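# Observations on the model geometry
Given next are the chains, with one letter for each unit.
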Amino acid sequence: MKKLTLLLLLAAVPSLYAQEGADTTRKVRQGWTFGVLPSVAYDADLGLQLGALTNIYYFGDGSTYPEYLHSIYAEAAYTTKHYGLFRLSYDSRYLIPGHRLSVDMSYLPDLMCDFYGFNGYQSAYNSAYSTQDDPDYISRAYYKYRRDMFRFSADLQGELSSPWYWNAGVGVLHYSVGSVDVERLNSYTKDESKHLPDTTTLFDQYVSLGYIKAGEANGGTHPYLHGGLTFDTRDRQQNPRRGIHADAFLTYYAGLGDMAEYNDLKFNAAWRQYIQLLPQRLTFAYRLGTQLNVAGESPFYLNTYLNQLYMQRVVYEGLGGGNSIRGIMRNRILARGVAFANVEFRVQVAHFNIGKNLFYIGLNPFVDAGMVVQPYDDVYADPQRAEYLITYTDVLAESPSLYDNSRLHALHLSGGCGLKVAMNDNFVLSVDWATAFDKQDNGKFSNLYVKMGYMF
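Described below are features of the structure shown in this document. (Residues numbered from 1 in each chain as written. Predicted model: local features only at pLDDT ≥ 70, side-chain atom pairs only at ≥ 80, totals over all residues. Heavy atoms only, no water.)

## Observations concerning the pairing of strand β2 (residues 36–43)
Relative to strand β3 (residues 47–58), β2 is paired through eight bridges, and the arrangement is antiparallel. Along β3, the bridge assignment pairs serine 39 with glycine 51. Joining the antiparallel neighbours β2 and β3 is a turn of three residues. Here β2 pairs with strand β17 (residues 447–452) via two bridges, running antiparallel. Note on β17: the bridge partner recorded for tyrosine 42 is valine 450. (Pairing = 2+ DSSP bridges. Helix = DSSP H or I, 4+ residues; strand = E, 2+ residues; numbered from the N terminus.)

The structure is reproduced here in structure tokens:
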């Protein structure tokens, strides 16, 4: 999740790429620059984030400025919904001449990770079960489980023949998952009215019924390697106005120890296009993407992770949430294979200067979508197991085809609008409001995401 760090960060961190219309008379930076700044963000699913970060740049003799020679980024933060973010990363196009090297090490503990079942609409969602004042309330943790993730990755990109690039990388993902630690969460408050009841969650039911197998119910360690191609004709890497950025790649995951049976090959592809309709005023942007299981078997928690060729932000959750489908609950669409789309207009409403810095205020109305492509085939195949697993009689009365395959591949849709405040085109403070078009995707009408940058 890219961070909102107050306008102080916007003024303190140098521009990374040359910009059209930028002030070229400012002083060239040399040597090292760094500073420690607050890390502040808000996400409808994760809550308010507070912490600290630093970005250290090395410009050498300044001959490459505003592009840096080396960048080191470190961040430590925690959210009000018990999500932690601890990250150290390195990025350079000069350590290995002619290649871009990106190294990332992150630890992401999550005491209340979202779990809404498999196959999107085939898993009914009832907001009453997690709404404390509702007569049908079970627990705020009913649609949650505990998930801690450690990630290490090292990715290399080189040029074939512009605009074509090759990519290769290795890494490891380690997951520790299990039932919500109710006792630990309750220890954080002395107000007993806010304590969680010790009850069976949806995750617990999936484990007891064998939908989540015993071998994957506690997590595991998965080294991986990936490789692919990138096509990039964007006019700039930050906030592009025109061009195409597309990639396609394969990722092979292995399993260590008890997870040796889980070896799988995934295919990812994404197409991002930016079309300038009015210079400096209006851009039409869209992204189409998919993640498919090509061979082997993947544990459920790896299917909540969207693979990337190189790390540009810390969080790459599955479909749903502020980084994929805004307005739809995080991880709402969990399947063996998925597809998604984001379509938006980026309008620059007003331009103004503060000192030597150029600012603009923008709006970006958008529509997001996602769908199941490769489902978990055995879910709800047995009517008795399905009735035990989810007993939403009121929801079934409104949607009698809830467990039919007729909704299996239905689109999950959301829409909304963002407010952007940008400085020198590179740094964009983003406030997105979004809502799901179907209450099965979110019981809340308003969902707010305050972060840095455009989503893609």
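What follows continues from the structure just given.
## Quick notes on the packing of aromatic side chains
One pass over the full model with this rule turns up 29 aromatic pairs. Between tyrosine 57 and tyrosine 68, the aromatic rings sit 5.4 Å apart at their centres with planes inclined by 45°, giving tilted as the arrangement. Placement of tyrosine 57 in strand β3 and of tyrosine 68 in the loop between β3 and β4 (70–79) is noted, with a sequence separation of 11 residues between them. Residue tyrosine 68 is classed as buried on the basis of its relative accessible area, which comes to 9%. Three or more aromatic residues joined by ring pairs form one cluster here, namely Phe115, Phe118, Tyr145, Tyr175, Phe203, Tyr206, Tyr211, Phe300, Tyr301 and Tyr376. We note arginine 346 situated over the ring of tyrosine 454; from NZ or CZ to the ring centre the distance is 4.2 Å. If you follow arginine 346 out to its NZ or CZ, it ends over the ring of phenylalanine 456, 4.9 Å from the centre. (Phe/Tyr/Trp six-rings, centres within 6.5 Å; stacked < 30°, edge-to-face > 60°. Buried < 20%, exposed > 50% of the residue type's maximum accessible area, 1.4 Å probe, protein only. Lys NZ or Arg CZ within 6 Å of the ring centre and 35° of its normal.)

## Considerations on empty space enclosed by the protein
Taken as a whole and judged by the stated rule, the model has eight cavities of 30 Å³ or more. Considering only enclosed or pocket space, the second largest cavity measures out at about 120 Å³ in volume. Contributing to the lining of the second largest cavity are 12 residues, with Gly322, Lys451, Met452, Gly453 and Met455 lying nearest its centre. For the lining of the second largest cavity, the secondary-structure elements that each account for two or more residues are β16 (427–436) and β17. In terms of residues, the lining of the second largest cavity owes the most to one element, β17, which gives three residues. For the lining of the second largest cavity, the class distribution of residues is four nonpolar, four polar and four charged. (1 Å grid on protein atoms, 1.4 Å probe; cavity = no way out; pocket = protein on both sides within 12 Å on 5 of 7 lines; lining within 4 Å. Points joined across faces, edges and corners; volume = space filled by probe spheres on them. Nonpolar A, V, L, I, M, F, W, Y, C, P; charged D, E, K, R; others polar.)

## Quick notes on the pattern of salt bridges
Within the structure shown, the criterion is met by 23 salt bridges. Here lysine 451 and aspartate 43 are joined by a salt bridge, their closest N and O atoms 3.1 Å apart. With a gap of 408 residues between them, lysine 451 in strand β17 and aspartate 43 in strand β2 connect regions that are remote in the sequence. Judged by relative accessible area, which is 3%, aspartate 43 ranks as buried. Notably, a salt bridge pairs arginine 346 with glutamate 344, separated by 2.7 Å at the nearest N-O pair. Taken individually, arginine 346 and glutamate 344 each receive the classification buried, so the pair is uniform in this respect. Among the charged side chains, a network of salt bridges with common partners joins Asp110, Asp114, Lys144, Arg147, Glu317 and Arg330. (Salt bridge = Lys/Arg side-chain N within 4 Å of Asp/Glu carboxyl O.)

## Looking at the layout of surface pockets
Within this model, the largest pocket holds a volume of roughly 520 Å³. Looking at the largest pocket, it is lined by 20 residues, and the ones nearest its centre are Lys81, Tyr116, Ser130, Arg140 and Lys144. In terms of residue class, the lining of the largest pocket is built from six nonpolar, eight polar and six charged.

## With respect to a nonpolar patch on the surface
A cluster of nonpolar residues, Tyr78, Phe86, Leu88, Met105, Tyr107, Phe150 and Phe152, forms a patch on the protein surface that exposes about 580 Å² of accessible area. At the level of secondary structure, the elements contributing two or more residues to the nonpolar patch comprise β5 (84–92), β6 (99–114) and β7 (144–161). Mapping tyrosine 107 onto the fold places it in strand β6. Judged by its relative accessible area of 36%, tyrosine 107 is partly exposed. (Patch = residues over 30% accessible without salt bridge, like charges linked within 9 Å, V, L, I, M, F, W, Y side chains within 5 Å. Areas by Shrake-Rupley, 256 points an atom, 1.4 Å probe, with all protein chains shown as cover.)

## Side note on the environment of leucine 306
Assignment of secondary structure puts leucine 306 in the loop between β12 (282–296) and β13 (337–354). For leucine 306, a relative accessible area of 11% puts it in the buried group. For the pair leucine 306 and valine 338, spaced 32 residues apart in sequence, the C-alpha separation works out to 9.8 Å. Setting aside chain neighbours within four positions, we find leucine 306 in contact with Gln291, Tyr316, Glu317, Gly318 and Leu319. (Contact = heavy atoms within 4.5 Å.)

## Observations regarding the side chain of arginine 241
By the secondary structure assignment, arginine 241 is in the loop between β9 (219–232) and β10 (243–253). In terms of polar contacts, arginine 241 uses its side chain to reach the side chain of glutamine 280, at 3.1 Å. In contact with arginine 241, not counting residues within four places along its chain, are Asp235, Arg236, Tyr274, Ile275, Gln276, Gln280, Thr283, Gln348 and Asp425. (Polar contact = N/O pair within 3.5 Å; in protein donor to acceptor, adjacent residues only side chain to side chain.)

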